[in-house]
Amino acid sequence: MDSRTLRNLMRIVQTGSLSAAAERSCLTVQALAAQLNKVEEQFGFRLFRRSNKGLTLTTQGTELTPYMDKVLVATRQLEEKVAALKVPGQRTLKVALNTTLSVDFNRQMIGRLIEVFPDYQLEFSYAESMENLSKLKNEDFDLAVLIGPQQPGLPSIALPHIQVQVVGAHCGQENDPLMLLGNKFQVRPADDCPYSHSFLRFLDAGLGNYESGKRMIYSCSETLTLSLITQMDGLGMVSREAALRNGLAIFPGFEDSLEVRLAVNNPELSGQALNDVVALSLHERSERDVRSRSHRYAEKEVFAEIRT
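Residues numbered from 1 in each chain as written. Predicted model: local features only at pLDDT ≥ 70, side-chain atom pairs only at ≥ 80, totals over all residues. Heavy atoms only, no water.

1. Overview of helix α9 (residues 222-232)
- α9 sits mainly inside the fold: nine of its eleven residues count as buried.
- For α9, the full list of buried residues reads Glu222, Leu224, Thr225, Leu226, Ser227, Leu228, Ile229, Gln231 and Met232.
- Asp233 sits one or two residues past α9 and shows a positive phi near 50 degrees. (Buried < 20%, exposed > 50% of the residue type's maximum accessible area, 1.4 Å probe, protein only. Helix = DSSP H or I, 4+ residues; strand = E, 2+ residues; numbered from the N terminus.)

2. Some thoughts on helix α1 (residues 3-15)
- Along its 13 residues, α1 runs 18 Å from first to last C-alpha, staying within 8% of the 18 Å computed at 1.5 Å per residue.
- Taken together, the buried positions of α1 are Thr5, Leu6, Asn8, Leu9, Met10, Ile12 and Val13.
- Sitting at the head of α1, Asp2 places a side-chain oxygen 3.2 Å from the backbone nitrogen of Arg4.
- Just downstream of α1 lies Gly16, where phi reads positive at about 70 degrees. (Expected span 1.5 Å × (residues − 1). Polar contact = N/O pair within 3.5 Å; in protein donor to acceptor, adjacent residues only side chain to side chain.)

3. Let's talk about the environment of Leu97
- For Leu97, the position within the fold is in strand β3 (residues 92-98).
- C-alpha separation for the pair Leu97 and Met109, spaced twelve residues apart in sequence, amounts to 8.4 Å.

4. Some details on the nonpolar core
- Counting residues in each nonpolar core, the largest one holds 39 residues, and the members touching the most others are Leu113, Phe117 and Leu143.
- Here the element with the most residues in this core is helix α5 (residues 103-116); it accounts for five residues.
- Sequence-distant contacts of Phe117, defined by excluding residues within four places in its chain, comprise Leu93, Leu143, Leu269, Ala273, Leu274 and Val277.
- In this structure, Ile12, Ala33, Leu226 and Leu248 belong to the second largest nonpolar core, which totals 35 residues. (Core = buried A, V, L, I, M, F, W, Y, C linked by side-chain atoms within 4.5 Å. Contact = heavy atoms within 4.5 Å.)

5. Here's the deal with empty space enclosed by the protein
- Scanning the entire structure with this criterion turns up two cavities of 30 Å³ or more.
- Of the pockets and cavities examined, the largest cavity occupies roughly 130 Å³.
- Mapped onto the lining of the largest cavity, the elements with two or more residues apiece are α6 (129-138), β7 (185-189) and α9.
- Per-element tally for the lining of the largest cavity: the top contributor is β7, with three residues.
- Classifying every residue of the lining of the largest cavity gives nine nonpolar, five polar and three charged.
- For the second largest cavity, the calculated volume is near 40 Å³. (1 Å grid on protein atoms, 1.4 Å probe; cavity = no way out; pocket = protein on both sides within 12 Å on 5 of 7 lines; lining within 4 Å. Points joined across faces, edges and corners; volume = space filled by probe spheres on them. Nonpolar A, V, L, I, M, F, W, Y, C, P; charged D, E, K, R; others polar.)

6. With respect to the side chain of Ser25
- Tracing the backbone through its elements, the reader meets Ser25 in helix α2 (residues 18-25).
- Judged by relative accessible area, which is 12%, Ser25 ranks as buried.
- Of the polar contacts made by the side chain of Ser25, one reaches the side chain of Asn8; its length is 3.0 Å.
- Ser25 has contacts with Asn8 and Arg11, leaving out every residue within four places of it along the chain.

7. Some words on the state of the cysteines
- By the definition in use, this model includes zero disulfides.
- There is no disulfide at Cys193, and the cysteine sulfur nearest it, in Cys220, is 7.7 Å away.
- On the accessibility criterion, Cys220 (17% relative accessible area) is buried. (Disulfide = S-S within 2.5 Å.)

8. Some words on the packing of α2 against helix α3 (residues 29-43)
- It is at 9 Å that the axes of α2 and α3 come closest, and there the two elements cross at 100 degrees. With respect to α3, the axis of α2 lies roughly perpendicular. Contacts between α2 and α3 involve Leu18, Ser19, Ala21 and Ala22 from the former and Val29, Leu32 and Ala33 from the latter.
- Among the residues forming the contact of α2 with α3, the class breakdown is six nonpolar, one polar and no charged. (Axes fitted to C-alpha atoms, helices over the stretch in contact; angles between N-to-C directions. Parallel < 35°, antiparallel > 145°, perpendicular 65-115°, else oblique.)

Encoded structure:
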């Protein structure tokens, strides 16, 4: 299976609709359905259940989805490395921005980096914290915006006044009783995900009492977590902005605040320059409270100079 087919399958996971996924993939519904049927035939089992309401993941599909997501991440990293090797000798500064933060924040971060490092050719990518951390460790990225505490052995500077509010979210109503919510499919952050400690604090707060036999799957991506919550009628840990943007209900009485940091993997960058970058008068905007899934809206597109 090539990466393009795999990417198309993940669009079906994210949208729950062949027609919507086909539109994003620039394919006809018939062509995308043929791809899906071929993959299911190769695997020997169904990835999705078909109904008049759309497509939902089967048990096998749910278990495979995190692996598919990791393959796509690795493929994108490979493509970025190949592109960088095509132009050797240039003084390039590779920066990994963070998709969890707002479009306005990332735009202003781009502007400040261009201002502070005028002698560099800046190369931006755009992903979640776990992929950004991998880029620092494995792809020689110079800077990355990460969420959560400082990583051992990786210098970083906390961005003042910038935090990510993390909440427990689900597809029901905010006043649903805990007994009902306790039966939901549990989407837990992977151990190295920045939300993992928040999820443990969420459980310790008594807002979700899960026994070992509960249905559970691990996710290393907020995007995947949001999709699984919707597809599986599950419960998971996401940023408050992502929950509101996707029309999810939020558990009352719990919220965890995580730091946002600029991690550095290039000792040649001066401390003063890095301090100039993080001295941003940037504040993440609080989105209007959304209490019904009918209030969903689409986030604006990022500048074209960010490669997704």
